[in-house]
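Single-letter residue listing:
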Amino acid sequence: MRQDENRLRFEIEARDGSARAGVAHTAHGPIETPAFIPLATKGTVRGLESAEVAELGYQLILGNTYHLFVSPGPERIAAAGGLHGFMNWERAIITDSGGFQVFSLAHGGVANEVKGSGRSGDHGSKVEISEEGARFNSPRDGAELFISPEVSMSVQAALGSDIALVFDECTPFHADYEYTARSTERTHRWLDRCLAWHDREGPERQAVFGIVQGGTHEDLRRESAEAVSAAGVDGIAIGGTLGRDKEEMAAVLAMTAPLLPEEAPKHLLGIGEVDDLLGGIALGLDVFDCAVPTRLARHGVALAPSPETRWRLDMRKGGWVGNREPLVDGCPCPACQRHDRDYISYLSRAEELTAVRLIVEHNLTYMRQLTTHARTAIEAARFDEYRAAVMAGTSPWNA
């Protein structure tokens, strides 16, 4: 692990068992942890402008290197002052490496498998994976594109993110042990190349996180954790497939989290369901990103203290006519403060864009409340009690 306070300084302020409350200090301000990260995939958090995301209390967003590489391109963003200037966001940004999206094209429905559904798919895209990197066709115009460790880091340098993730191969659940082992070893070699490029040419204040791979295999996860921890990274992320269901995912995380250095900020990639996030916090993980809150909003689904429906409230179903209750009682979001279920259901069923915006605001507020109150519970040494209450159906602000 690298200790360079000019890039990133992480301090742990409170502990409750393995759960911890900390602060990561970046070039664009502090990030209080545990934290959920909204995705700004294409330079925007879906449905909101940057100022609105900041007003919800978020200190960190995630930009998608793959999508921004394909369009509008790193040169255009760099000319606007990096991603901060391009989208007028003054707080911290983390960028992924592009590996997840590229290898989703190669392996099929990796996104489903990483999140435990076990479903594979076929995007109809040919990806040539070699030691040098990945060559693929742009889904936008069919042009041939190439991403290597060096290209990924140079794109992230142009984006000007505060934290860059190294280029890795995200193996799916259906990959066998031998393929996963070879892929993990290659990911470690790519890690070295990413760090070498960044040492030579990377922004002085940009931190770099390594990614632990290894699929569901304990020996491979252990080897990967050791390799990444021994490298000159500023933090560590857990990536790749985590199993075929939530039970296996919990087991993989339980065996992986203790292998990581105590002092490192720890990021769980692509996982952000309410129960999974609480489980990750209990294991000592600090930062989580996921598309679920904004994706659900596009389909008219609001987050709610309802474990029996996987914390989902479907506003496109019937039965909301005349219902004057807010989406969730006591929620401080603009949607709940100003509108009722009847109106939001009507807007969503009519496919009005206002419905998406309102539910995005609500869902991101819910996730922000979840982590903010988790932090408070850790500071009060009552995280287990808080987790149990939320899992039983209590809203975060009442738990």
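No experiment lies behind these values; they were computed from the predicted model shown.

Undergrad: How do you make sense of the overall build of the protein chain when you look at a structure like this?
TA: Per the secondary structure count, the protein chain includes 16 helices and 17 strands. Buried positions account for 58% of the 399 residues belonging to the protein chain. Look at the contacts in the protein chain between residues 6 or more apart in sequence, and 66% of them connect residues 24 or more apart. Charge separation in the protein chain, taken as the distance between the mean sites of 40 positive and 57 negative side-chain charges, equals 4 Å.

Undergrad: Help me understand the sheet that holds strand β8 (residues 127-129) in this model?
TA: Here three strands make up an open sheet; going across it, the order is β8-β9-β10 and the pairing antiparallel. The open sheet has two free edges, formed respectively by β8 and β10 (144-147), since each of these has just one partner strand. On average, adjacent strands in this sheet sit at an angle of 15° to one another, irrespective of strand direction. Sheet topology places β8 next to strand β9 (residues 134-137); three bridges connect them, and they run antiparallel. Bridging across to β9, E128 finds its partner in R135.

Undergrad: Help me out: how do you make sense of the packing of aromatic side chains in this one?
TA: In this description, a pair of aromatic rings is defined by centroid distance and the angle of the planes. Across all of its chains, the model carries four aromatic pairs by this definition. With a centroid separation of 5.7 Å and an interplanar angle of 35°, the aromatic rings of Y66 and F136 are classed as tilted. Pair noted here: Y66 is in helix α2 (residues 65-70) and F136 is in strand β9, with a separation of 70 residues, a long-range link. Taken as a pair, Y66 and F136 share a single burial class, namely buried.

Undergrad: Even after reading the chapter, I still don't get the environment of Q206, so can you show me in this structure?
TA: In this fold, Q206 is placed in the loop between α8 (177-201) and β12 (207-212). Looking at Q206, the relative accessible area reads 1%, which means it is buried. Distance in space between the C-alpha atoms of Q206 and N6 is 8.6 Å, their sequence separation being 200 residues. Only 3.1 Å separates the side chain of Q206 from the backbone oxygen of Q156, close enough to count as a polar contact.

Undergrad: It is not clear to me how the environment of F136 should be interpreted in this structure. Could you clarify?
TA: For F136, a relative accessible area of 1% gives the class buried. For the pair formed by F136 and I147, sequence separation is 11 residues and the distance between their alpha carbons is 8.5 Å.

Undergrad: Just to check I follow, could you spell out unusual backbone geometry for this structure?
TA: What is expected of a backbone is that most residues other than glycine have negative phi and most peptide bonds are trans. The omega angle of the peptide bond from T33 to P34 is 5°, so this bond is cis rather than trans. Residue position: P34 is located in the loop between β3 (29-33) and β4 (35-37). With an omega of 10°, the peptide bond between S71 and P72 qualifies as cis. As for its placement among the helices and strands, P72 is situated in the loop between α2 and α3 (74-79).

Undergrad: What is the right way to look at the packing of helix α15 (residues 353-379) against helix α16 (residues 383-391) in this model?
TA: When two helices pack together, you describe them by how their axes are tilted relative to each other and by the distance separating the axes. At their nearest, the axes of α15 and α16 sit 8 Å apart, and the two run at 150° to each other. From α15, Q369, L370, H373, A374, A377 and I378 reach across to α16, where they touch F383, Y386 and V390. Split into classes, the residues belonging to the contact of α15 with α16 amount to seven nonpolar, two polar and no charged.

Undergrad: Quick question: what am I supposed to make of α15 here?
TA: Since the α-helix advances by 3.6 residues per turn, residues separated by three or four positions end up pointing in the same direction. Here α15 contains 27 residues, and its C-alpha end-to-end distance of 39 Å stays within 8% of the 39 Å for a straight helix at 1.5 Å per residue. Following α15 by one or two positions, A381 has its phi on the positive side, about 60°.

Undergrad: I tried to follow the side chain of D289 on my own but got confused; where do I start?
TA: Of note, D289 is situated in strand β15 (residues 287-289). The exposure class of D289 is buried, given its relative accessible area of 7%. There is a polar contact of 2.7 Å between the side chain of D289 and the side chain of H267. If we skip the residues at most four places from it in the chain, D289 touches F36, I37, L39, L62, H267, L268, L269, G270, I271 and G272.

Undergrad: Which parts of the structure should I look at to understand the environment of G57?
TA: Tracing the backbone shows G57 in the loop between α1 (50-55) and β6 (60-63). Look at G57 and you get buried, because its relative accessible area is 18%. Sequence separation of G57 and R205 is 148 residues, and the distance between their C-alpha atoms is 24 Å. Leave out the neighbours within four places in its chain, and G57 touches R91 and R368.

Undergrad: Mind showing me how you'd approach the sheet that holds β3 here?
TA: Hydrogen bonds between backbone atoms are what pair the strands of a sheet, whose relative direction is either parallel or antiparallel. Spatial strand order, β1-β2-β3: three strands in an open sheet with antiparallel pairing. Each edge of the open sheet is held by one strand with a lone partner, namely β1 (9-16) and β3. Taken over all neighbouring pairs, the strand axes of this sheet differ in orientation by 15° on average, direction set aside.

What counts, and at which threshold
- Residues numbered from 1 in each chain as written.
- Predicted model: local features only at pLDDT ≥ 70, side-chain atom pairs only at ≥ 80, totals over all residues.
- Heavy atoms only, no water.
- Helix = DSSP H or I, 4+ residues; strand = E, 2+ residues; numbered from the N terminus.
- Buried < 20%, exposed > 50% of the residue type's maximum accessible area, 1.4 Å probe, protein only.
- Contact = heavy atoms within 4.5 Å.
- Lys, Arg positive; Asp, Glu negative; His and termini not counted.
- Charge placed at Lys NZ, Arg CZ, Asp CG, Glu CD.
- Pairing = 2+ DSSP bridges.
- Axes fitted to C-alpha atoms, helices over the stretch in contact; angles between N-to-C directions.
- Phe/Tyr/Trp six-rings, centres within 6.5 Å; stacked < 30°, edge-to-face > 60°.
- Polar contact = N/O pair within 3.5 Å; in protein donor to acceptor, adjacent residues only side chain to side chain.
- Nonpolar A, V, L, I, M, F, W, Y, C, P; charged D, E, K, R; others polar.
- Expected span 1.5 Å × (residues − 1).

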